Amino acid sequence: MGVAAQTSFMGMPSGSLDKKGRACIPAHYRQILTAQGTTGLYVRPHPGKPALQCYGETLFEEYQRSKPIRNPFSEEHDDEAFDVYAQTEPHSFDENGRVRLLQSLIDHAHLGENVTFVGLGEKFEIWDTQQLDAWRAERRTKASRPAASP
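Residues numbered from 1 in each chain as written. Predicted model: local features only at pLDDT ≥ 70, side-chain atom pairs only at ≥ 80, totals over all residues. Heavy atoms only, no water.

Chemist: So what about the overall build of the protein chain? Which residues, and what values?
Modeler: Across its full length, the protein chain carries 5 helices and 8 strands. Ordered by position from the N terminus, the helices and strands of the protein chain form the series β-β-α-β-β-α-α-β-β-α-β-β-α. When its C-alpha atoms are laid out on the principal axes, the protein chain stretches across 45 × 45 × 40 Å. Put simply, the protein chain has 150 residues, and 34% of those count as buried. Here the protein chain holds 17 positive side-chain charges and 20 negative ones, and the gap between their average locations is 6 Å. (Helix = DSSP H or I, 4+ residues; strand = E, 2+ residues; numbered from the N terminus. Buried < 20%, exposed > 50% of the residue type's maximum accessible area, 1.4 Å probe, protein only. Lys, Arg positive; Asp, Glu negative; His and termini not counted. Charge placed at Lys NZ, Arg CZ, Asp CG, Glu CD.)

Spelled out as structure tokens, the structure:
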């Protein structure tokens, strides 16, 4: 039986960020993005974590199709547009499958030399490996606490 083409970002492959701010996106992640017709990927700072959210054309098109029609001059529209469009940067792959991240994105996620790519189905995150380890330990600690009594 043949292996089906992977369509979801899965796993937690490790990688590195070089001194020029370039990260090599895992090959199987690049294959998914290419299958979506994406020549690179979209990257934005995660709004609630020290990480970067990354995705391709499929998720971006889904988002655009699903958003309600709003007055494009309303404050509600501008808030959402700022959160998604203004903070999202398209990044193209170089000949080695790397993307060069903006310094503002590197700073947001506190990225150092060692990074981890976290597959989340239709998107993935890029984390500094030490930050991810600390975040995961914190989550485990919270999960192991007994529930408060009413």
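Chemist: Explain the packing of aromatic side chains residue by residue, including any values.
Modeler: According to the stated counting rule, one finds 11 aromatic pairs in the structure shown. When the centroid spacing of 5.2 Å and the interplanar angle of 75° are considered together, the rings of Phe9 and Tyr29 count as edge-to-face. In this pair, Phe9 is assigned in the segment before strand S1 (14-16) and Tyr29 in helix H1 (residues 27-35), connecting sequence segments 20 residues apart. When the ring of Tyr29 is compared with that of Phe124, the centres are 4.7 Å apart and the planes differ by 50°; the resulting orientation is tilted. (Phe/Tyr/Trp six-rings, centres within 6.5 Å; stacked < 30°, edge-to-face > 60°.)

Chemist: I'd love a proper account of the nonpolar core, names of residues and values included.
Modeler: With 21 residues, the main nonpolar core has Ile25, Leu41, Leu52, Leu101, Leu111, Phe124 and Ile126 as its most contacted residues. When residues of this core are traced back to their parent elements, those giving at least two are H1, strand S3 (40-45), strand S4 (52-55), helix H4 (103-108), strand S7 (114-119) and strand S8 (124-128). Counting residues per element, this core draws most heavily on H1, at 3 residues. Sequence-distant contacts of Leu52, that is, excluding residues within four places in its chain, are made with Val43, Arg44, Pro45, His46, Leu101, Leu105, His108, Ala109, Leu111, Phe124, Glu125 and Ile126. (Core = buried A, V, L, I, M, F, W, Y, C linked by side-chain atoms within 4.5 Å. Contact = heavy atoms within 4.5 Å.)

Chemist: Explain unusual backbone geometry to me, and be specific about the residues and the numbers.
Modeler: Here His110, not a glycine, exhibits a phi torsion of approximately 55°, which is positive. Along the chain, His110 turns up in the loop between H4 and S7. His110 gets classed as partly exposed once you look at its relative accessible area, which sits at 47%.

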